[in-house]
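Now for the letters of each chain:
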Amino acid sequence: MGLIHVELFTTLDLVAQAPGGPEEDPEGFPFGGWQAPLIDEWSGTQIAEAYDGTDALLLGRRTYDIFAAYWPHVGEEEGGGFGALFNSIPKYVASRGTPDLSWEGSVLLGPDLPAAVREIRDRHEHVHVVGSLDLVQTLLRERLYDRVDLLVHPIVLGVGKKVFDGGAVPTNLTLLEPPAAGPKGAVMLRYGLADGVPRTGDMTAPDLGLAE
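A quick note: this is a predicted structure, and the numbers were derived from the prediction, not measured.

(A) The pattern of salt bridges, seen in detail. Scanning the entire structure with this criterion turns up 7 salt bridges. Here E119 ties to R123 by a salt bridge, and the two come within 3.9 Å at their closest N and O atoms. Of the two residues, E119 and R123 both sit in helix 4 (residues 113-123), 4 residues apart, roughly one turn of that helix. Salt-bridge contacts for R190 lead to E177; the nearest nitrogen and oxygen are separated by 3.1 Å. Taken together, the residues R190 in strand 9 (residues 187-193) and E177 in the loop between strand 7 (173-175) and strand 8 (180-181) connect sequence positions 13 residues apart. On the accessibility criterion, R190 (4% relative accessible area) is buried. Overall, the relative accessible area of 37% leaves E177 in the partly exposed class. In this structure, a network of salt bridges that share partners links the residues R147, D149, E177 and R190.

Put into structure tokens, the structure is as follows:
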């Protein structure tokens, strides 16, 4: 069984809407492109490392349309090598509509999204989800992911769609590696899905070392 890997760029208040530019979500969000002034070589390296071994993309309709309008026209050496990767691997699209799938290797998923994602997971080793917040909510709700990377930036927006808007269910995660921080204050957090659900307890329990 393969790995479903969710990657999101977020603010400190976990807004993940339209980080790359205003055209990513033109529905009144006033901070489209908030990530651009904060990108540096360190964050580029973190993003590139996350795609090691990726053999398929799983995208929501809006993210797919943005990618399809750009990456097919990019040379293999451009965009840090992402052009060669994205143009060569399958792209699975979650949409209730009828998107233009002219980008080579694109496949529209069926109406039973959880079942379709499970089939993709059985077919590939490393399926990468980037952006696609509505799709991510479904994956969170169904616990259909194995890893989530959050590149958290040192700004607070106060408005916008958040990482866990509407899809979160009680879930345990495990930190896969120590957090890494960049020179502009961004922090990379990499978590893996863990067994069970969060427990409750007593802060004065003896095993916490807080009892009198």
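(B) Representation of the nonpolar core in the model. One finds V6, L58, L109, V129 and L139 to be the most contacted residues of the largest nonpolar core, which totals 27 residues. Taken together, the elements giving at least two residues each to this core come down to strand 1 (3-11), strand 2 (56-60), strand 3 (91-94), helix 4, strand 5 (126-130), helix 5 (133-142) and strand 6 (147-153). At 5 residues, the largest contribution of residues to this core is made by helix 5. Once residues within four sequence positions are removed from consideration, V129 is found in contact with I4, H5, V6, E7, L58, L135, V136 and L139. One finds F67, V93, V130 and A186 within the second-largest nonpolar core, a separate group that totals 25 residues.

(C) Seen up close, the environment of D13. Its location among the elements puts D13 in the loop between strand 1 and helix 1 (41-50). With 109 residues separating them in the primary sequence, D13 and D122 have C-alpha atoms 34 Å apart. Within the structure, the side chain of D13 is placed 3.3 Å from the backbone nitrogen of L157, a separation counted as a polar contact. Separated by 2.8 Å, the side chain of D13 and the backbone nitrogen of G158 make a polar contact.

(D) Representation of helix 4 in the model. Among the residues of helix 4, L113, P114, A116, V117, I120 and R121 are the ones counted as buried. When helix 4 is viewed along its axis, its buried side chains cluster within an angular range of 160° and face the same direction. Looking at the buried positions of helix 4, the neighbouring elements they touch are strand 1, strand 2, strand 3, strand 5 and helix 5.

Analysis parameters
Residues numbered from 1 in each chain as written. Predicted model: local features only at pLDDT ≥ 70, side-chain atom pairs only at ≥ 80, totals over all residues. Heavy atoms only, no water. Salt bridge = Lys/Arg side-chain N within 4 Å of Asp/Glu carboxyl O. Helix = DSSP H or I, 4+ residues; strand = E, 2+ residues; numbered from the N terminus. Buried < 20%, exposed > 50% of the residue type's maximum accessible area, 1.4 Å probe, protein only. Core = buried A, V, L, I, M, F, W, Y, C linked by side-chain atoms within 4.5 Å. Contact = heavy atoms within 4.5 Å. Polar contact = N/O pair within 3.5 Å; in protein donor to acceptor, adjacent residues only side chain to side chain. Arc of directions from axis to C-beta.

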